[in-house]
Number of protein chains: 2
Amino acid sequence: MINQIKTIGIVGGGQLGMMMIPYAKRLGLRVVVLDPSADCPASQYIDKNDLIVAPFSNKEKYKELAKKSDVITYEFEHIDAGILSEISDSSIKGSKNVFPSAITLKLIQDKLVQKQVLENQKIPVPKFEEVNRLEEIYAYYDKHKKPFFLKSRKGGYDGKGNYHVKSREDIEVGFNQLKHPLMIEELADFEKEVSVIATRGRDGKIVVYPISENVHENSILDTTTVPANVSETMRKKIGEIAVRTLNCFSGVGTFCVELFYNEKKGEVSVNEVAPRVHNSGHYTIEACRTSQFENHIRAICGLPLGSTEMIVPACIMKNVIGHDDGKAQFVGIEKGYEIEGVNAHIYGKIDTKKGRKMGHFTVTGASTKEVQEKLKKVDIECNGVN
Amino acid sequence: MINQIKTIGIVGGGQLGMMMIPYAKRLGLRVVVLDPSADCPASQYIDKNDLIVAPFSNKEKYKELAKKSDVITYEFEHIDAGILSEISDSSIKGSKNVFPSAITLKLIQDKLVQKQVLENQKIPVPKFEEVNRLEEIYAYYDKHKKPFFLKSRKGGYDGKGNYHVKSREDIEVGFNQLKHPLMIEELADFEKEVSVIATRGRDGKIVVYPISENVHENSILDTTTVPANVSETMRKKIGEIAVRTLNCFSGVGTFCVELFYNEKKGEVSVNEVAPRVHNSGHYTIEACRTSQFENHIRAICGLPLGSTEMIVPACIMKNVIGHDDGKAQFVGIEKGYEIEGVNAHIYGKIDTKKGRKMGHFTVTGASTKEVQEKLKKVDIECNGVN
């Protein structure tokens, strides 16, 4: 298999795609990337001729990517699943392959359909409803009389595409602001958010990473702590539901299942599935035997997957999020590195802006307590300079 | 410091330079490479515009590299130390920096001078002699009446530049074949060869990696096993001599000290010092907290160095050496990856030839015995296809 592969095509050249590249190159493979931006993070690891600069709506450019690639994958789900499906169909001749499959991408892209698939398999999810007209939303509110989420079914991430409806007056604002079609989702009463990264090989075998505990700030992931601080009972329950969730979606590669849970109530609920490597899996680079990126590359190339076991007792990943606008300038790396077990990943984005993911760092150590203490001393930030 | 650095210039784009690049890019840095070959391994990780294609004798191209770089390093010692010294001298203005320093490179480049420096510091080395004329070599042979090494003082590696004189008749052949000036070195009676990788930071602090045990085939490194199978007494002695050796040469970055030793006789002798990352340190990528490449990048950027401790109990690195000529085609990766703890690094060289380093792989595991057993089952090779 690996001998038939010379070039991997990646749709999306953000940090997720970027972090796959060294693992592909280690195997002697060429990488070609499709991204709207000429200076996307992935552009740092490839030749300019291997970067196709075009919006994700440009079908012709997907075809160009396919022509150059033996295997295609993606780092972002809000892309053109239709054209990927077309490209994939031609794989009957064994020439093109899209991983994870375009059909899985299509199901997951639409948050309503994703939830319907999960509900159909009796996987616990927050209550949700399809809504199309304003009146339906008013009717929902009048019936339940409590806050809820109004969500775009497609295209949202990092809290974008979600509108928190707190009162009847909010409804029209959200309705006009969000991209349609929409859905409603209840505000679940959960304590924590966790996620489970897993990779499925071409042979169907799945390897599962440790459960990580995620804390968000302004709807953007702030920290991931591994191992998650959950009881043994909950660990089993979360693990079991995560694997059942994965089994709802075929497709080769790394996936992420985000879950809410309430230890007291003993309840777990699936928030979202991503058919790709995930921000909450960045910790695997320093903390696991095989990173989520390496296992993804192995999977799509048909190689046996590597161990997901942790090689350190504990790890915290912290995102470096832009807080103002301007040319990106990092501070605190030198001081941070004085603490053993700190590793920074700077994405090389030229401009920072409020809420933009500019980099991340991990802190590894002998215990969760130790890494939490270390983290307090590390202050790596990205400022905007004019 | 790191904030003043935007671009690292590397002289040499072979696999050693290549493996530094991802660690530089992780820090958000640009990398520019000078190499005689447009399709050198490092070319896979950078844009074509960041590769200066020119022979290592072209002084103007070093200057071009310097113009583009804030910091300069090298992955190969047989380069133009004179021009690096010139570039470095202009660093009084704080604009250019060469690491390790050009003066260290000059001392080490000349194997005779290197040995003289070590001998001067009372560091055990095999007996050696400067020789210039054929008669001097005959005189040496007639005096000692035993085989010895005739060596080029400059430019040799992987056994190239060494001639094993077994009889009086060999002398003239070696003399005519080798690049002058020459030196003589005794054939030392040693059981094993080990090496010690270490990195010196800008603050002068040195971090030392575990001792590795090296086996050569046809004068080319075949395997490196870590930890080395040496007694506690020898471990201390080797460590102490390695650090004393490093202290003979100033300069920031990763170094390698190769030593011979004889456990029975309790003797250790320094074979060679390399002012750069080293093939026998490749194991550090999978087996140590911080790889030799990462610590080199940290060092030259003025960052605190990372821990060199092993994160697995044992590791063997095996080189994949070309055994015939043709287009490179690897076999055995898929099967090799079925064994947990196997990681391949393919250098992306288009053509293979007998004796060329085409890649390497590491096998990690719970004990030396376990990794040796695993290694027997892994057969990753590079064939030449026409």
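Please refer to the structure placed before this passage.
Residues numbered from 1 in each chain as written. Chains lettered and ligands numbered in written order. Predicted model: local features only at pLDDT ≥ 70, side-chain atom pairs only at ≥ 80, totals over all residues. Heavy atoms only, no water.

### Quick notes on the interface of chain A and chain B
Then step 1. In this complex, chain A contributes 39 residues to the contact, which on the side of chain B involves 39 residues.
Then step 2. Taken together, the two surfaces of chain A and chain B that pack against each other cover about 3400 Å², and 47% of this comes from carbon and sulfur.
Then step 3. Our count for the contact surface shared by chain A and chain B stands at four salt bridges.
Then step 4. Residue Glu286(A) is joined to Arg26(B) by a salt bridge in which the shortest nitrogen-to-oxygen separation is 3.7 Å.
Then step 5. Between chain A and chain B we count 10 residue pairs in polar contact (both at pLDDT 80 or more) in total.
Then step 6. Mapped by element, the contributors of at least two residues to the side of chain A that touches chain B are α1 (15-26), α9 (284-287), α10 (292-300), β16 (326-331), α11 (333-336) and β17 (342-346) of chain A.
Then step 7. Of all the elements, β17(A) adds the most residues to the side of chain A that touches chain B, at five residues.
Then step 8. Partitioning the side of chain A that touches chain B into residue classes produces 19 nonpolar, nine polar and 11 charged. (Contact = heavy atoms within 4.5 Å. Buried area = accessible area lost by both parts, 1.4 Å probe. Salt bridge = Lys/Arg side-chain N within 4 Å of Asp/Glu carboxyl O. Polar contact = N/O pair within 3.5 Å; in protein donor to acceptor, adjacent residues only side chain to side chain. Helix = DSSP H or I, 4+ residues; strand = E, 2+ residues; numbered from the N terminus. Nonpolar A, V, L, I, M, F, W, Y, C, P; charged D, E, K, R; others polar.)

### A word on the sheet that holds strand β6 (residues 148-152) of chain B
Residues and elements named next belong to chain B.
Then step 1. Pairing is antiparallel across the open sheet formed by four strands, whose spatial order is β5-β8-β6-β7. With one partner strand each, in any of the chains shown, β5 (128-131) and β7 (162-165) form the two edges of the open sheet. When the angles between neighbouring strand axes are averaged without regard to direction, this sheet yields 25°.
Then step 2. Bridge count for β5 against strand β8 (residues 182-186) is four bridges, and the pairing is antiparallel. Pairing of Glu-130 across the sheet is with Met-183, part of β8.
Then step 3. Sheet strands in contact with helix α5 (residues 111-120) are β5, β6, β7 and β8, and its direction is about 140° off that of β5.
Then step 4. Strands in contact with helix α7 (residues 170-177) are β6, β7 and β8; relative to β7, the strand with the most contacts, it is inclined by about 175°. (Pairing = 2+ DSSP bridges. Axes fitted to C-alpha atoms, helices over the stretch in contact; angles between N-to-C directions.)

### A look at the relation of the copies chain A and chain B
Then step 1. The two copies are related by a screw operation: chain A maps onto chain B through 180° of rotation and 0.0 Å of translation along the axis, at an RMSD of 0.0 Å. As the rotation angle and translation indicate, the two copies are arranged about a two-fold axis. Taking the C-alpha atom as reference, chain A places Asp47(A) closest to the rotation axis, 2.0 Å from it. (Least-squares fit on C-alpha atoms with pLDDT ≥ 70 in both.)

### Side note on the pattern of salt bridges
All names here are of chain B.
Then step 1. Within this structure, the stated rule accounts for 54 salt bridges over all chains.
Then step 2. Residues Asp-142 and Arg-168 are paired through a salt bridge, measuring 2.8 Å at the closest nitrogen-oxygen approach. Of the two residues, Asp-142 is situated in helix α6 (residues 134-144) and Arg-168 in the loop between β7 and α7; the sequence distance between them amounts to 26 residues.
Then step 3. By relative accessible area, Asp-142 is classed as partly exposed at 32%.
Then step 4. Of the charged contacts in the structure, one is a salt bridge between Glu-309 and Arg-289, with a shortest N-O distance of 3.1 Å. Of the two residues, Glu-309 sits in the loop between α10 (292-300) and β15 (314-321) while Arg-289 sits in the loop between α9 (284-287) and α10, which places them 20 residues apart along the sequence. (Buried < 20%, exposed > 50% of the residue type's maximum accessible area, 1.4 Å probe, protein only.)

### Remarks on the packing of helix α2 (residues 59-68) of chain B against helix α3 (residues 81-89) of chain B
Residue and element names in this part refer to chain B.
Then step 1. It is at 10 Å that the axes of α2 and α3 come closest, and there the two elements cross at 35°. As α2 packs across α3, the resulting crossing turns out to be right-handed. Of the residues in α3, those in contact with Lys-59, Tyr-62, Lys-63 and Ala-66 of α2 are Ile-83, Leu-84, Glu-86 and Ile-87.
Then step 2. Looking at the contact of α2 with α3 residue by residue, the class counts come to five nonpolar, no polar and three charged. (Left-handed = near helix turned anticlockwise from the far one by under 90°.)

### So, α10(B)
Then step 1. Buried residues dominate α10(B), accounting for nine of its nine residues.
Then step 2. Taken from the residues just after α10(B), Gly302(B) is the one with a positive phi, measuring 75°.

### A word on the packing of aromatic side chains
Then step 1. As enumerated under the stated definition, the model contains eight aromatic pairs over all chains in all.
Then step 2. Between Tyr141(A) and Phe148(A) the ring centres are 6.4 Å apart and the planes differ by 55°, which places this aromatic pair in the tilted class. Of the two residues, Tyr141(A) and Phe148(A), both sit in the buried class.
Then step 3. The interplanar angle of 35° and the centroid separation of 5.8 Å between the aromatic rings of Phe56(B) and Phe76(B) together place this pair among those described as tilted. Note that Phe56(B) is positioned in the loop between β3 (51-53) and α2 and Phe76(B) in the loop between β4 (71-74) and α3, a separation of 20 residues in sequence.
Then step 4. Through a chain of ring-to-ring contacts, the aromatic side chains of Tyr140(A), Tyr141(A) and Phe148(A) assemble into a single cluster. (Phe/Tyr/Trp six-rings, centres within 6.5 Å; stacked < 30°, edge-to-face > 60°.)

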